[in-house]
Amino acid sequence: MILWSRAFQHDIGESADDTELRVDRGLAAGQLWVRDRSDEAVSMAVVREPVEGVVRIAGVYTPKEKRKEGYAEACVRALSKKLRDAGLRCALYTDLGNPTSNSIYRRIGYRALAEVVRYRFQ
C-alpha cells in the first residue's frame, strides 16, 4: 500500500513525504480498501471519515500494469455499495481532464454536482 500510495501521489503531483504515516493511519482506521483477484491485490481506494452522513472515496489507484481490466471500477462499485448499505452517502472528486475515470464513475451511478478549482501556492 505504501508503494501504491506513493505512485498515486506522484501521478497526481502531490508530495509523498509522509506516505508511510498516512498508510499506517489509514490501515489502523480501516480506511484503505483493496480489490483482489485470485488473492492478488489489483486496485485500492481510500475512504475518509464520514461527515454529516457523507463519506468521500479518495485515492483510487490501480498499478499501470493492471489498468484497463475494470479493477478500479469494481473496487469503487463494491466500496460505494458497502457504504450506501451502511446508510452513508458517497462523494468523490475526480479530475475533469481524465475521461476514463469520469466515465467509470458515471457508470457506477455518480453524477457531477460541481466543479472545483484548486490553487497551489509555492
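Structure first, text after, so check above.
Residues numbered from 1 in each chain as written. Predicted model: local features only at pLDDT ≥ 70, side-chain atom pairs only at ≥ 80, totals over all residues. Heavy atoms only, no water.

Focus: the overall build of the protein
Keep this limit in mind: Helix and strand assignments come from DSSP, with helices taken as H or I runs of at least 4 residues and strands as E runs of at least 2, each series counted from the N terminus. Between the two quantities, the radius of gyration covers C-alpha atoms and the globule rule is 2.2 Å times the number of residues to the power 0.38. Relative accessibility decides the category of a residue: with a 1.4 Å probe and only protein chains considered, values under 20% of the type maximum give buried, values over 50% give exposed, and everything between is partly exposed. Contacts: residue pairs with any heavy atoms within 4.5 Å of one another. To measure how exposed things are, a 1.4 Å probe is used in the Shrake-Rupley method; for residues, cover is taken only from the protein chains shown.
Scanning the protein from N- to C-terminus turns up four helices and four strands. Secondary structure of the protein in N-to-C order comes out as α-α-β-β-β-α-β-α. Against the globule reference of 14 Å for 122 residues, the protein gives a C-alpha radius of gyration of 14 Å, in line with a compact fold. Dimensions along the principal axes, computed over C-alpha positions, put the protein at roughly 45 × 35 × 30 Å. The buried share of the protein, taken over its 122 residues, is 30%. Counting only contacts in the protein whose residues sit at least 6 apart along the sequence, the fraction spanning at least 24 positions is 48%. Here the protein has roughly 8800 Å² of accessible surface; of this, 51% comes from carbon and sulfur atoms.

Some words on the pattern of salt bridges
Quick reminder of the rule: Within this document, salt bridges are pairs made up of a side-chain nitrogen of Lys or Arg and a carboxyl oxygen of Asp or Glu, the two lying within 4 Å of each other.
This model, assessed by the stated rule, comprises five salt bridges. D18 serves as the salt-bridge partner of R22, at 2.9 Å between the closest nitrogen and oxygen. Here D18 falls in the partly exposed class, since its relative accessible area comes to 35%. Via salt bridges that share partners, E73, R77 and R107 belong to a single interconnected network.

Details of a nonpolar patch on the surface
What counts, and what does not: For patch building, the residue pool is restricted to those with more than 30% relative accessible area and no salt bridge; the joining distance is 9 Å between like charges and 5 Å between nonpolar side chains (Val, Leu, Ile, Met, Phe, Trp, Tyr).
Taken together, the side chains of V117, Y119 and F121 make up a nonpolar region of the molecular surface, amounting to roughly 470 Å² of accessible area. Summarising the element assignment, Y119 is placed in the segment after α4 (99-108). Residue class for Y119 comes out exposed when judged on its relative accessible area of 65%.

Some thoughts on the nonpolar core
Note the cut-off: We call a set of buried residues a nonpolar core when its members are Ala, Val, Leu, Ile, Met, Phe, Trp, Tyr or Cys and they connect through side-chain atoms within 4.5 Å of each other.
Ranked by size, the top nonpolar core spans 14 residues in total, and within it I57, V76, Y105 and Y110 carry the most contacts. Listing elements by their share of this core, those giving two or more residues are β2 (40-47), β3 (54-61), α3 (71-85) and α4.

Remarks on the side chain of T62
Along the polypeptide, T62 turns up in the loop between β3 and α3. Discounting chain neighbours no more than four positions away, the residues touching T62 are V42, S43, R67 and A72.

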